[in-house]
Amino acid sequence: MTTRLDVATLMAQARAETGLDDFGDDWFVTPLTKLVDCVNAEAGLIAPDAGAGYRIQSGLADRLKLIQYLKDHPEALDEQINVACAIIGLPRTGSTIMHRLLSSTPQTTSFMWWETTFPLPFEGEVPGDPSPRIAAAHQMVDQLLENWPDFESIDPIEAEVVAEEVILLDRTFLSTSYDSMMPIPSFGYWQADQDQEPAYRDLLLWMKALQHQTPERRSRKWVLKTPHHLLGGMSGLLKVFPDVPLVMTHRNVAQVLPSYCSMCASMSVNSSTSYRKEDQGAHWTRRFKTGLERFMELRKTLPEGRIVDVRYEDTVTDPIGTATRALQAIGLEVGPADIAGLEACIAANQRESRPKHRYSAEEFGLTPEGIAADFAAYHEQYNV
């Protein structure tokens, strides 16, 4: 017998865990309630309280801790956040290596995986020494790779590398993570239609709290990156960061869509009784197509030069040159120290060191012809 999740219970458990009571602005209760309803109705989770329930409760606990951190350190609210760019585009388009490259220079910074997972100091932690959180993150990575053994070949998870801000947006319950990890398609469609400005305002608070903990970041500009921007978050991104340059990564969707479906399968196949591989292709076709079509319309309203287009093939064949051009396009001068950072990044990110990712389009109900037809307008516009 499965356990149904309950919003009031999850919030009470988060309060009990932390000993805190103030969640701040309660706008998040609406997406939280929708998420819980969709998990109960669609996800078919074998252990919802241990999987989704634990993740949601942890997100609620972190919300409580963030509000308390800002009460304890009100000066954190005065942190000035400067954003170099936001990397957008579909997943599997070379955005991860571009993120690592653009974050590798002395002028830029980004979120580390360990701090998106444990963004606030542990009890008793010495200021300026986050080693307990880093050690906990290494343990979590080991556990994740044990639970999802295929993941190492699909998407690199490492405790001490840059990570997507979507992990912080998970705490808002408006995030593409959830329909990626569980078969809850109706939540994915719903969240993509919401005004996500409140979620991105929360993201800005997380950035202020993280920069407050690491003052050396004040002289650097943040590099944002997550496909969630394109798959639902664009309204929030541009309202909260209205002048942010956009770096859009591009790749033929036939090389992207089945790969992403495979990643979702690795997280769902052993935890859900309702997950069906053959349904994934249709779901993510709709999600990708809607995101691209909405952005292509939005792009018409943005100033010339606001968006830097980066083709996957160029990133692969000339990563340093492509990253240099992107840095210059977003207004950063590139000097010897920046080139050294780019070179060190490439040396540390050799694809050959990871297992080969194996999958087929057909197992997800996809065909090359169908993908070509569904994304013809995108392929033609961006020459991919």
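The structure this text deals with has already been given above.
Fair warning: this is a prediction, and the values are worked out from it, not measured in the lab.

(A) Here's a closer look at the overall build of the protein chain. Along its length, the protein chain carries 19 helices and 5 strands. Against the compact-globule benchmark of 21 Å for 384 residues, the protein chain has a radius of gyration of 20 Å, which places it among compact chains. Projected onto its principal axes, the C-alpha coordinates of the protein chain cover approximately 55 × 50 × 40 Å. Taken as a whole, the protein chain presents about 16700 Å² of accessible surface, with 51% of it coming from carbon and sulfur. A gap of 3 Å separates the mean positions of the 35 positive and 53 negative side-chain charges of the protein chain.

(B) Structural view of helix H2 (residues 29-43). When the terminal C-alpha atoms of H2 are compared, their 20 Å separation across 15 residues agrees well with the 21 Å that a helix rising 1.5 Å per residue should span. On the buried face of H2, the contacting elements are helix H1 (7-18), helix H3 (52-72), helix H9 (177-181) and helix H10 (185-192). Just downstream of H2, Gly44 is the residue with a positive phi angle, here 55°.

(C) Helix H14 (residues 277-299), seen in detail. The end-to-end C-alpha distance of H14 is 33 Å, a good match for the 33 Å that 23 residues give at a rise of 1.5 Å each. Of all the positions in H14, only Gln280, Gly281, His283, Trp284, Thr285, Arg287, Phe288, Gly291, Leu292, Phe295 and Met296 are classed as buried.

(D) The arrangement of the pattern of salt bridges in detail. Counted under the stated rule, the structure contains 21 salt bridges. A salt bridge links Asp179 to Arg287; the shortest N-O distance between them is 2.9 Å. With Asp179 in helix H9 and Arg287 in helix H14, this pair connects stretches of sequence that are 108 residues apart. The buried category is assigned to Asp179, whose relative accessible area is 2%. Where Asp309 meets Arg299, a salt bridge forms, and the shortest distance between an N and an O atom there is 2.7 Å. Pair noted here: Asp309 is in strand E5 (residues 307-311) and Arg299 is in helix H14, with a separation of 10 residues, a long-range link. Linked through salt bridges whose partners overlap, the residues forming this network are Arg311, Glu313 and Asp314.

(E) Quick look at the environment of Lys300. Counting through the fold element by element, Lys300 comes out in the loop between H14 and E5. Its relative accessible area of 63% is what places Lys300 among the exposed residues. A distance of 2.9 Å separates a polar atom in the side chain of Lys300 from a polar atom in the side chain of Glu297.

(F) Region of interest: the pairing of strand E4 (residues 246-250). Taking burial as the measure, the 5 residues of E4 include 5 buried ones, the bulk of the element. Across the two faces of E4 the burial is the same, with Leu246, Met248 and His250 and Val247 and Thr249 all buried. Looking at chain direction, strand E1 (residues 83-88) and E4 are connected through 3 bridges and run parallel. When the bridges of E4 are listed, Ala86 appears paired with Leu246. Sheet analysis places E4 next to E5, joined by 5 bridges and oriented parallel.

(G) Structural context of the sheet that holds E5. Pairing is parallel across the open sheet formed by 5 strands, whose spatial order is E2-E3-E1-E4-E5. The sheet is open, and its two borders are formed by strand E2 (108-109) and E5, each paired with just one other strand. Of the strand pairs in this sheet, E2 and strand E3 (residues 221-225) are connected by 2 bridges, and their pairing is parallel. Bridge assignment links Thr109 to a residue of E3, and that residue is Trp222.

Reading the values: the criteria
- Residues numbered from 1 in each chain as written.
- Predicted model: local features only at pLDDT ≥ 70, side-chain atom pairs only at ≥ 80, totals over all residues.
- Heavy atoms only, no water.
- Helix = DSSP H or I, 4+ residues; strand = E, 2+ residues; numbered from the N terminus.
- Rg over C-alpha atoms; globule rule 2.2 N^0.38 Å.
- Areas by Shrake-Rupley, 256 points an atom, 1.4 Å probe, with all protein chains shown as cover.
- Lys, Arg positive; Asp, Glu negative; His and termini not counted.
- Charge placed at Lys NZ, Arg CZ, Asp CG, Glu CD.
- Expected span 1.5 Å × (residues − 1).
- Contact = heavy atoms within 4.5 Å.
- Buried < 20%, exposed > 50% of the residue type's maximum accessible area, 1.4 Å probe, protein only.
- Salt bridge = Lys/Arg side-chain N within 4 Å of Asp/Glu carboxyl O.
- Polar contact = N/O pair within 3.5 Å; in protein donor to acceptor, adjacent residues only side chain to side chain.
- Pairing = 2+ DSSP bridges.

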